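Here are the chains, one letter per residue:
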Amino acid sequence: MKKLAIVFLAVLMAWPVAAQTPLKFMVSEDVSYDDNIYMTDSNTKDSFVSSTQVGANYAANVPGSGLELTAIGLVGYNAYTEDSSKNNFWNALADVALKNDQFELGDTFLYTSDPANSELTERAERMNNTGYISFKTSTEKMFGFGLFANDSYDRYFQSEFQSLNRNRVNLGAKLFYNVSPQTSFFAEYMYSDIAYDTAKVKNSTGNSVGLGVEGDLTATLNGTAKVTYDMRDYDHDMAGVNNYNDLFGYYVALEWQPTDRNTIRLSGKRSMEESFYGNNRYYADTLISLYGSQKIYDKWTASLTLGWENMDYAHEWNGTKRSDDLYTIRPALDYQFKDWLSAGVWYQFRTRQSNTNPFDYNRNQAGIYAKALF
């Protein structure tokens, strides 16, 4: 499911990948106010929200193998003052990986009841499990190749959402031209298969090709940028829609760090996403996000995130071809008390502007947090 683990990955990205001691523990508390917890203009409800997270992170080299074993576990409880019996939920995240610079084998498990994606705003208890493996040859040589595969399964527990249950398999290969051990141009191909448990009319196979560059692009800029062309064939006929669709897209994940006191990250993508709106089996999703942070003195860090997303549906429903624009702005201020203790305040405004009125909403959130890593 698109952006399924973004909330939890934001926490994990702050953890050290390699630590002086193999095992680290984390505990955090975030108390916030949300003026539109259902993300709708027709049933606006506000609530105070308490989110408590506890986790552990393990990272250690496997003796005599050149491999590193990493394991991350996180469990949390989210409490609402508005209709707590409906809105309170548990979340859990677990990831185990065995990896080095050329190989990675792992599995990620997520359990949550947060809204599933930009199209679906109802809270739904669900889980996702993704197994993955990748390999690439050494970047010391001018040319190289890589192989990758992953299998992702989404399961919803409420009966009204079980038509969303599906399994997606991706298999792919890359050819590399290594300008240096740190920088590579590449061409890639990926085959995908999406199979629904019950909504068989949405079953499909896909082929995608891409051209891009990854690694250290300059002394202060690193990441990945690529352009893609996706083709998708649906297994079953559906009245009024085509069984073949294609889309030119892109993927960008770049970080620029001109000094050790400031960071700018640009991320974005354009791709096909699964849809259950009317007779649409997919929508074209275009996403751009810009994040910037600046250290103030030694303890304070100010940051700002700006985001835009467009969801463009292929077919009319009830006489309208739906298109949504979502805008996000999130300033934050963090204070580092100790290496192991931090706290901060944040605010987020999000709005969805749709040409189909029932999907419009405005949402304001503000909160304070504290996090300890030991």
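Model, not experiment: these values are computed from the prediction.

Caption draft 1: The arrangement of the overall build of the protein chain in detail. The helix and strand tally for the protein chain stands at two helices and 18 strands. Its C-alpha atoms give the protein chain a radius of gyration of 22 Å, within 12% of the compact-globule value 21 Å for 374 residues. Structurally, the protein chain occupies a C-alpha span of about 60 × 55 × 35 Å along its principal axes. Counting only residues that meet the buried cut, the protein chain has 39% of its 374 residues in that class. For the protein chain, contacts bridging at least 24 residues in sequence account for 53% of all contacts bridging at least 6. Between the centroid of the 33 positive side chains of the protein chain and the centroid of its 45 negative side chains there is a distance of 2 Å.

Caption draft 2: Focus on the pairing of strand 11 (residues 221–234). As paired elements, strand 10 (residues 204–216) and strand 11 share 13 bridges and run antiparallel to each other. Bridge pairing in strand 11 links asparagine 207 to methionine 231. Hairpin connection from strand 10 to strand 11: four residues lie between these consecutive antiparallel strands. Where strand 11 and strand 12 (residues 244–259) come together, 13 bridges link them in antiparallel fashion. Among the inter-strand pairings, tyrosine 229 is bridged to a residue of strand 12, identified as phenylalanine 248.

Caption draft 3: Focus on a nonpolar patch on the surface. Judged by side-chain polarity, Leu23, Phe25, Val27, Val54, Tyr58, Val62, Leu69, Val75, Tyr77, Trp90, Val96 and Phe374 come together as a nonpolar surface patch covering roughly 990 Å² of accessible area. Those elements giving two or more residues to the nonpolar patch turn out to be strand 1 (23–34), strand 2 (47–62), strand 3 (67–80) and strand 4 (89–99). Within the secondary structure layout, valine 27 lies in strand 1. The class for valine 27 is partly exposed, based on a relative accessible area of 34%.

Caption draft 4: Spatial organisation of unusual backbone geometry. Phi at aspartate 83 takes a positive value of approximately 45°, unusual for a residue other than glycine. With respect to the helices and strands, aspartate 83 occurs in the loop between strand 3 and helix 2 (84–87). By relative accessible area, aspartate 83 is classed as partly exposed at 34%. Even without being glycine, asparagine 318 reaches a positive phi, approximately 55°. As for its placement among the helices and strands, asparagine 318 is situated in the loop between strand 15 (300–313) and strand 16 (323–338).

Caption draft 5: The packing of aromatic side chains, seen in detail. Inspection of the entire model under this criterion finds 15 aromatic pairs. Each ring, one from tyrosine 277 and one from phenylalanine 359, has its centre 5.6 Å from the other, and the planes form 85°; the classification is edge-to-face. Taken together, the positions of tyrosine 277 in the loop between strand 13 (262–274) and strand 14 (282–296) and phenylalanine 359 in the loop between strand 17 (341–354) and strand 18 (361–373) put the pair 82 residues apart, joining distant regions of the chain. One aromatic cluster is present, built from ring pairs that chain together Tyr277, Tyr283, Tyr313 and Phe359.

Caption draft 6: Looking closely at the environment of aspartate 260. With respect to the helices, strands and loops of the structure, aspartate 260 is situated in the loop between strand 12 and strand 13. Taking the C-alpha atoms as reference points, aspartate 260 and lysine 295, 35 residues apart in sequence, are found 8.6 Å from one another.

Caption draft 7: Examining the pattern of salt bridges more closely. Taken as a whole, this structure holds 12 salt bridges when the rule is applied. Across the pair lysine 174 and glutamate 188 runs a salt bridge, and its minimum N-O distance is 3.9 Å. Here glutamate 188 lies in strand 9 (residues 183–196) and lysine 174 lies in strand 8 (residues 166–180), a separation of 14 residues in the sequence. Across this residue pair, the class does not change: lysine 174 and glutamate 188 are buried. In this structure, the salt-bridge partner of glutamate 273 is lysine 269, at a minimum N-O distance of 2.9 Å. For glutamate 273, a relative accessible area of 12% puts it in the buried group. For lysine 269, a relative accessible area of 22% gives the class partly exposed. Taken together, the salt bridges that share partners define one network made up of Lys136, Lys174, Glu188, Glu214 and Lys226.

Caption draft 8: Local environment of the side chain of asparagine 203. Among the secondary structure elements, asparagine 203 is positioned in the loop between strand 9 and strand 10. Within polar-contact distance, the side chain of asparagine 203 engages the backbone nitrogen of tyrosine 196 at 2.7 Å. Once residues lying within four places of it in the same chain are set aside, the contact partners of asparagine 203 are Ile194, Ala195, Tyr196, Asp233, Tyr234 and Asp235.

How each quantity is defined
Residue positions are given per chain, counted from 1 along the sequence in the order it is written. Only residues with pLDDT of 70 or above have their local features reported here, since the model is predicted, and side-chain atom pairs are shown and tallied only from 80 upward, although totals for entire chains, interfaces and linings are computed over all residues. With hydrogens and water excluded, all non-hydrogen atoms of the structure serve as input to the side-chain values. Working definition: helices are DSSP H or I runs of at least four residues, strands are E runs of at least two. Numbering for both runs from the N terminus. For the radius of gyration, the atoms used are the C-alpha atoms, and the globule rule reads 2.2 Å times the number of residues raised to 0.38. Here the term buried applies to any residue with accessible area under 20% of the maximum for its type, exposed to any over 50%, and partly exposed to those in between, with areas from a 1.4 Å probe on protein chains only. Contact definition: two residues touch when any of their heavy atoms are within 4.5 Å. Counted as positive: Lys and Arg. Counted as negative: Asp and Glu. His and the chain ends are not counted at all. In this description, the location of a charge corresponds to atom NZ of lysine, CZ of arginine, CG of aspartate or CD of glutamate. Whether two strands pair comes down to DSSP finding at least two bridges between them. The patches reported here contain residues having more than 30% relative accessible area and no salt bridge. Joining distances are 9 Å for like charges and 5 Å for nonpolar side chains (Val, Leu, Ile, Met, Phe, Trp, Tyr). Computed with the Shrake-Rupley method and a 1.4 Å probe, the accessible areas treat only the protein chains shown as cover for residues. In what follows, salt bridge is the name for a side-chain nitrogen of Lys or Arg lying within 4 Å of a carboxyl oxygen of Asp or Glu. Centres within 6.5 Å make a pair out of two Phe, Tyr or Trp rings, where for Trp the six-membered ring is used; the pair is then stacked when the planes are under 30 degrees apart, edge-to-face when over 60, and tilted otherwise. In the analysis that follows, any N or O atom pair within 3.5 Å is treated as a polar contact, provided that within protein one partner can donate a hydrogen and the other can accept it, and provided that, for residues neighboring in sequence, both atoms belong to side chains.

Scope: geometric values only; no functional claims are made or implied.
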